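Residue strings, one per chain:
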Amino acid sequence: ARVDARGPTLSQLGSEPRLTEWKFLLPMSKPRPRELAALFAEHGSAVARQYAPQIEKLRPRGLAGFLNGFADMISEHEGRYWLVDWKSNHLGEGPDAYGADAVTQSMNAHHYILQYHLYVLAWHRHLTVRLAGYDYDRHFGGVCYAFLRGARPGSNNGMFFDRPPRALVEAMDSWARGEA
């Protein structure tokens, strides 16, 4: 299965240089869901724009400090980095239950869309500091959430792909710093 129409296969990513369970600590200002929702609506991909109203419904916890997390796998392929997250969610019986609409619905319902955007932000900050000449457009390939129960060889069934636009990642970076 390809991580998107132009990208590498999961098999290729698994055999390339990679980090598994990459742990990150992301400094965050006080969470402001309304402002983040506006950024998703203005700068996001179609998936992010559709998800934006759900962000507004999130309750800010009034916490500032650090967000920590683990990305299942980050792999480099032909100079581009790909973020892969494995999901074992049960969406129904048989591979047909893991079509694009069902997978996208699960991505929304479980807030995985917000999750991967935060992963991308953390990786973006990491590369900004660690990779000489880093450029998001040149070095970041995208995100793939692989719903393993629906994955089939030679098919993109059970796969979700997105590549957050640079403008959104940069706006989220400012938002997380309390500047937006």
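Residues numbered from 1 in each chain as written. Predicted model: local features only at pLDDT ≥ 70, side-chain atom pairs only at ≥ 80, totals over all residues. Heavy atoms only, no water.

## Looking at the pattern of salt bridges
Under the definition given, this model contains 7 salt bridges. Arg166 is the salt-bridge partner of Asp137, the closest N and O atoms lying 3.1 Å from each other. Separated by 29 residues along the polypeptide, Asp137 in helix H6 (residues 136-139) and Arg166 in helix H7 (residues 166-176) bring together distant segments of the chain. Exposure remark for Asp137: the relative accessible area of 38% places this residue in the partly exposed category. (Salt bridge = Lys/Arg side-chain N within 4 Å of Asp/Glu carboxyl O. Helix = DSSP H or I, 4+ residues; strand = E, 2+ residues; numbered from the N terminus. Buried < 20%, exposed > 50% of the residue type's maximum accessible area, 1.4 Å probe, protein only.)

## What about helix H3 (residues 46-56)?
The complete set of buried residues in H3 reads Val47, Ala48, Tyr51, Ala52 and Ile55. Buried residues along H3 cover an arc of 145 degrees about the axis, so they all sit on one side. Exposed residues pointing more than 90 degrees away from the buried face of H3 are listed as Ala46 and Gln50. Tucked into the core, H3 has its buried residues touching helix H2 (33-43), helix H4 (100-109), helix H5 (112-130), strand S5 (159-162) and H7. (Arc of directions from axis to C-beta. Contact = heavy atoms within 4.5 Å.)

## Things to note about the sheet that holds strand S2 (residues 65-77)
What holds strands together in a sheet is hydrogen bonding between their backbones, with the strands either parallel or antiparallel. If you walk across this open sheet you meet the 5 strands as S1-S2-S3-S4-S5, and the pairing is mixed. Only two strands of the sheet have a single partner each, and these edge strands are strand S1 (18-28) and S5. Between one strand axis and the next, the sheet turns through 35 degrees on average, direction left out of account. The pairing of S1 with S2 spans 10 bridges and is antiparallel. Each residue of the ladder has a partner; that of Leu26, found in S2, is Leu67. Across the sheet, H5 is in contact with S1, S2, strand S3 (80-87), strand S4 (140-147) and S5; its angle to S1 comes to roughly 90 degrees. (Pairing = 2+ DSSP bridges. Axes fitted to C-alpha atoms, helices over the stretch in contact; angles between N-to-C directions.)

## Remarks on the environment of Tyr145
The residue Tyr145 is located in strand S4 in this model. Relative accessible area serves as the criterion here: at 1%, Tyr145 is assigned to the buried category. In this structure the C-alpha to C-alpha distance between Tyr145 and Val84, which are 61 residues apart in sequence, comes to 5.8 Å. Residues within four places of Tyr145 in sequence aside, it is in contact with Asp85, Lys87, Met107, Tyr112, Gln115, Tyr116, Tyr119, Gly158, Met159 and Phe160.

## Section: the side chain of Ser45
Here Ser45 is to be found in the loop between H2 and H3. With a relative accessible area of 14%, Ser45 lands in the buried category. Within the local environment of Ser45, its side chain forms a polar contact with the side chain of Asp162, the two groups lying 3.1 Å apart. Those residues in contact with Ser45 that lie beyond four places of it in its chain are Asp162 and Pro165. (Polar contact = N/O pair within 3.5 Å; in protein donor to acceptor, adjacent residues only side chain to side chain.)

## Considerations on the packing of aromatic side chains
If you walk through the whole model with that rule in mind, you get 10 aromatic pairs. Ring geometry for Phe24 against Tyr119: centres 5.7 Å apart, planes inclined by 75 degrees, an arrangement best described as edge-to-face. Here Tyr119 lies in helix H5 and Phe24 lies in strand S1, a separation of 95 residues in the sequence. One exposure class covers both Phe24 and Tyr119, and it is buried. Aromatic rings pair up to connect Trp22, Phe24, Tyr81, Tyr119 and Trp123 into one cluster. When the ring centre of Tyr112 is taken as origin, the NZ or CZ atom of Lys87, which lies over that ring, is 4.1 Å away. (Phe/Tyr/Trp six-rings, centres within 6.5 Å; stacked < 30°, edge-to-face > 60°. Lys NZ or Arg CZ within 6 Å of the ring centre and 35° of its normal.)

Geometry only, nothing functional implied.
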